[in-house]
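Descriptive structure summary
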Amino acid sequence: MPNNIFRARTIAQIEAALVEYDLSGELGHQGVKGLLREIVVRNLLAPILPPLVEIGTGIIVDAHGKQSSQTASLKLSSTERCFPSNDPY
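This report concerns the structure included in the present document.

So, how was this worked out
- Residues numbered from 1 in each chain as written.
- Predicted model: local features only at pLDDT ≥ 70, side-chain atom pairs only at ≥ 80, totals over all residues.
- Heavy atoms only, no water.
- Helix = DSSP H or I, 4+ residues; strand = E, 2+ residues; numbered from the N terminus.
- Contact = heavy atoms within 4.5 Å.
- Areas by Shrake-Rupley, 256 points an atom, 1.4 Å probe, with all protein chains shown as cover.
- Phe/Tyr/Trp six-rings, centres within 6.5 Å; stacked < 30°, edge-to-face > 60°.
- Lys NZ or Arg CZ within 6 Å of the ring centre and 35° of its normal.
- Patch = residues over 30% accessible without salt bridge, like charges linked within 9 Å, V, L, I, M, F, W, Y side chains within 5 Å.
- Salt bridge = Lys/Arg side-chain N within 4 Å of Asp/Glu carboxyl O.
- Buried < 20%, exposed > 50% of the residue type's maximum accessible area, 1.4 Å probe, protein only.
- Expected span 1.5 Å × (residues − 1).
- Arc of directions from axis to C-beta.

**Remarks on the overall build of the protein**
- Counting its regular elements, the protein contains two helices and two strands.
- In sequence order, the protein lays out its α and β elements as α-α-β-β.
- Of the contacts made within the protein by residues no fewer than 6 positions apart, 18% connect residues no fewer than 24 positions apart.
- In the structure as shown, the protein presents an accessible area of about 7500 Å², 60% of it carried by carbon and sulfur atoms.

Structure follows, in structure tokens:
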């Protein structure tokens with residue numbers, strides 16, 4: 001039963017995010033459209049991601065210096081371990 005409630009809630013949140021994402025397409029300003037879409041994605045993912053995962057934005061630069069347009073990204077914190085360990089190091 002709890003899994004069904006969680007599943008139904010998650011599906012409803014995804015459907016709402018898709019509606020918001022589609023509505024943002026009606027905006028003429030690319031910067032505002034992108035910002036709104038980032039907020040939609042952040043609001044959808046942030047509550048379910050573990051604390052060591054951060055959501056951010058930036059530009060990706062390849063080895064040849066070619067830059068992407070601004071993009072959303074997920075970053076795994078290097079200061080925390082993903083899983084508990086018995087390893088003393």
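**What to know about the environment of Leu-36**
- Tracing the backbone through its elements, the reader meets Leu-36 in helix α2 (residues 30–45).
- Once residues lying within four places of it in the same chain are set aside, the contact partners of Leu-36 are Ser-24 and Leu-27.

**Points about the packing of aromatic side chains**
- The tally for this structure, following the rule as stated, stands at zero aromatic pairs.
- The cationic tip of Arg-37 hangs over the ring face of Tyr-21; the distance from NZ or CZ to the ring centre is 4.0 Å.

**A few points about a nonpolar patch on the surface**
- A cluster of nonpolar side chains, namely Leu-27, Val-32, Leu-35, Leu-36 and Ile-39, defines an oily patch on the protein surface of about 380 Å² accessible area.
- Looking at Val-32, the relative accessible area reads 43%, which means it is partly exposed.

**Describing the environment of Gly-25**
- Relative to the helices and strands, Gly-25 resides in the loop between α1 (2–24) and α2.
- Note on Gly-25: relative accessible area 36%, which makes it partly exposed.
- For the pair Gly-25 and Leu-36, spaced eleven residues apart in sequence, the C-alpha separation works out to 9.8 Å.
- With residues near it in sequence (within four places) discarded, Gly-25 still touches Lys-33 and Arg-37.

**Let's talk about α2**
- Across its 16 residues, α2 extends 22 Å between first and last C-alpha, which sits within 8% of the 22 Å expected from 1.5 Å per residue.
- Of the positions making up α2, those classed as buried are Lys-33, Glu-38 and Val-40. The buried residues of α2 occupy an angular sector of 160 degrees when the element is viewed end-on, so they sit on one face.

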